[in-house]
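Now for the letters of each chain:
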Amino acid sequence: MQENKEDWLKMNDFNVDSASDDLHGGHSFGDLTDGEDGGAVACDSSKPQQPHASARAILSFVRRSARLDARLEKAKQRYSGAYLLCIADGDGSLRVKSDLCVDSQWIEANWGNANPLIVEIGSGQGENIVAAAAANPNTNFLALEVYDPGVAHTMLLAGKQDLRNLRIAQVNAPDFLAACKSGVLAEVWTFFPDPWPKMRHHKRRIVQPSLAKSVHNALVAGGVWRIATDIEDYALHVHEVMDSLACFENDGDLRVSLPTEHVGKGNAQDAADLPHADFVESRRFDGRVLTNFERKGLEAGRVIHDFAYVVKK
C-alpha cells in the first residue's frame, strides 16, 4: 500500500505546479520548488511577502454578521482591553495592518515577556486555547478567530480565569503568518478547520502550500504545525499539501488507509469504493481538550485525523 501512496504523490504534484496565485491572501505557490530527492518539495526560506490589503483573496471563511447575546456583549466590553490585539487595518476589514511585524519585540510588547508563543488558527469558541493557556502559564498563546461570537466567548472563558498569557486577534490568519519574522513561533495549531465539503470549494481550505510556506518561516527549527480534522477528505487534502514538503517532517507513527481520490458533498458516499493507500498520521495530541465540536463528530461516527509536522531548517 505504501508504494501506491508514493505513486499517488507523484501523480498529484498539481498542488505545487498548477495552484493559483490568488489563494489565501495572494501568497504565491510558486515559491515551493521541486527537490532532487524523487519529487520532494523544499520550502523557500525567504520570508513570504505580506499581501497588500487590497489584494484579491480567496478566503477560507465567509464573513457572517451575528448579533451577540447580552452575556457575550458584556464579555466583549469588559475584556477587549485585556485580550484583543488591534492589528486589523480598520473599517471592519480582517486584513492585518500593512506595517505589522511579528517578532520577539512585538511579543514582549503584547505579553510582557519572552516566553514561547503558540498560535491557534480558527480558535472557535476558545475552549481549547483557553484550557491550554490555563495549563501552561509559562507559554504565550494567540487565538486567531474571525467570527464575533467566537472572539467574545474566548474572552469570556479567559476572563473568568483571569488568564494573563492569552491574546486574541480578529484577522485573516494567512495575513498574520505572512507578517511573522523567521522562527518567532513555537507551534501553530489548526484544529478542525472548515472542510468546505463541495468540490468546487476545496480551494478555500485553509491548509494550502502558500500557508505551509508562511508557517515554516514563522516556526522555530523543531517547531510543530499541529492539524486535526474529522473529515476524511480533508485528511487526504492535508497529505497532498504537506507530505511532499522536504522542509517539514511528518512526526506520526500511525498508518491510516485513505481514498486516493477526492469526494465532495454530493458523492462522499462513494469514498469507500475508491482506491485506497496507507498514510502516516499522529496519535491524538494530548494538549487538545475534547471540545463540544469534536465530541459531536465522534458521536456522529467520524474518525479524528491528527497530524504533527515538524519544521526542518
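Worth saying up front: this structure is predicted, and the values here are computed from it rather than measured.

## Examining the overall build of the protein chain
Inference 1: Secondary structure assignment for the protein chain yields 10 helices and 11 strands.
Inference 2: The proportion of buried residues among the 313 residues of the protein chain is 50%.
Inference 3: Sequence separation of 24 or more characterises 78% of the internal contacts of the protein chain that already satisfy a separation of 6 or more.
Inference 4: On the protein chain, roughly 14500 Å² of surface is accessible, and the fraction owed to carbon and sulfur atoms is 48%.

## Thoughts on the UniProt feature "binding site: substrate" (unreviewed entry) in the protein chain
Inference 1: The UniProt record annotates "binding site: substrate" (unreviewed entry) at Lys 198, Asp 230, Thr 291, Asn 292, Phe 293 and Glu 294.
Inference 2: Mapped onto the elements of the fold, Asn 292 is located in helix 10 (residues 292-299).
Inference 3: Structurally, Phe 293 can be placed in helix 10.
Inference 4: Setting aside its immediate chain neighbours within four residues, Phe 293 contacts Phe 192 and Asp 230.

## Regarding the side chain of Arg 167
Inference 1: For Arg 167, the position within the fold is in strand 5 (residues 166-169).
Inference 2: Asp 162 is the oppositely charged side chain nearest to the buried, salt-bridge-free Arg 167, at an N-O distance of 9.2 Å.
Inference 3: A distance of 2.9 Å separates the side chain of Arg 167 from the backbone oxygen of Asn 110, its partner in a polar contact.
Inference 4: Beyond its immediate chain neighbours, meaning those up to four positions away, Arg 167 contacts Ala 82, Tyr 83, Leu 85, Asn 110, Trp 111, Phe 141, Leu 142 and Ala 143.

## Topic: the pairing of strand 4 (residues 140-144)
Inference 1: The buried fraction of strand 4 amounts to five of the five residues, a majority that puts the element mostly inside the structure.
Inference 2: Of the two faces of strand 4, the one carrying Asn 140, Leu 142 and Leu 144 and the one carrying Phe 141 and Ala 143 are both buried.
Inference 3: Of the strand pairs in this sheet, strand 3 (residues 117-121) and strand 4 are connected by five bridges, and their pairing is parallel. When the sheet's bridge partners are listed, Glu 120 is paired in strand 4 with Ala 143.
Inference 4: Of the strand pairs in this sheet, strand 4 and strand 5 are connected by four bridges, and their pairing is parallel. The residue of strand 5 that forms the bridge with Phe 141 is Leu 166.
Inference 5: Assessed by its sense of winding, the connection that carries the chain from strand 4 through helix 6 (residues 148-160) to strand 5 is right-handed.

## Some words on the UniProt feature "binding site: S-adenosyl-L-methionine" (unreviewed entry) in the protein chain
Inference 1: Annotation from UniProt places "binding site: S-adenosyl-L-methionine" (unreviewed entry) at Glu 120, Glu 145, Asn 172 and Asp 194. A maximum C-alpha distance of 14.0 Å is found for the annotated residues, which run over 75 residues; spatially they form one tight group.
Inference 2: Topologically, Glu 120 is positioned in strand 3.
Inference 3: Those residues in contact with Glu 120 that lie beyond four places of it in its chain are Asn 128, Ile 129, Leu 142, Ala 143, Leu 144, Trp 189 and Phe 191.
Inference 4: By the element assignment, Asn 172 lies in the loop between strand 5 and helix 7 (173-178).

## Describing the environment of Pro 137
Inference 1: Relative to the elements of secondary structure, Pro 137 occurs in the loop between helix 5 (127-135) and strand 4.
Inference 2: Residue Pro 137 is classed as exposed on the basis of its relative accessible area, which comes to 56%.
Inference 3: For the pair Pro 137 and Arg 164, spaced 27 residues apart in sequence, the C-alpha separation works out to 8.0 Å.
Inference 4: Those residues in contact with Pro 137 that lie beyond four places of it in its chain are Asn 115 and Asn 165.

What counts and how
- Numbering of residues starts from 1 in each chain and follows the order in which that chain's sequence is written.
- For this predicted model, a pLDDT threshold of at least 70 governs which residues receive local features, and a threshold of 80 or more governs which side-chain atom pairs are given and counted, while totals over whole chains, interfaces and linings are taken from all residues.
- As a rule here, side-chain values cover all heavy atoms of the structure and leave hydrogens and water aside.
- Helix and strand assignments follow DSSP, with helices taken as H or I runs no shorter than four residues and strands as E runs no shorter than two, numbered in order from the N terminus.
- With a 1.4 Å probe rolled over the protein chains alone, any residue whose accessible area is under 20% of its type maximum counts as buried; one over 50% counts as exposed, and the rest are partly exposed.
- Residues are treated as being in contact if the distance between any of their heavy atoms lies within 4.5 Å.
- Shrake-Rupley sampling with a 1.4 Å probe provides the accessible areas, and residues are treated as covered by the protein chains on show and by no other component.
- UniProt positions are given in the numbering used here, feature names are shortened, and annotations may be inferred rather than shown by experiment.
- Residues counted as positive are Lys and Arg, residues counted as negative are Asp and Glu, and His and the chain ends are not counted.
- One side-chain nitrogen of Lys or Arg within 4 Å of one carboxyl oxygen of Asp or Glu is enough to make a salt bridge.
- For this analysis, a polar contact is any N or O atom pair within 3.5 Å, provided that within protein one partner can donate a hydrogen and the other can accept it, and provided that sequence-adjacent residues contribute only side-chain to side-chain pairs.
- When DSSP finds two or more bridges between two strands, those strands count as paired.
- Here the term right-handed applies to a crossover when the path leading from its first strand over the helix to its second strand runs clockwise, the strands being oriented away from the viewer.

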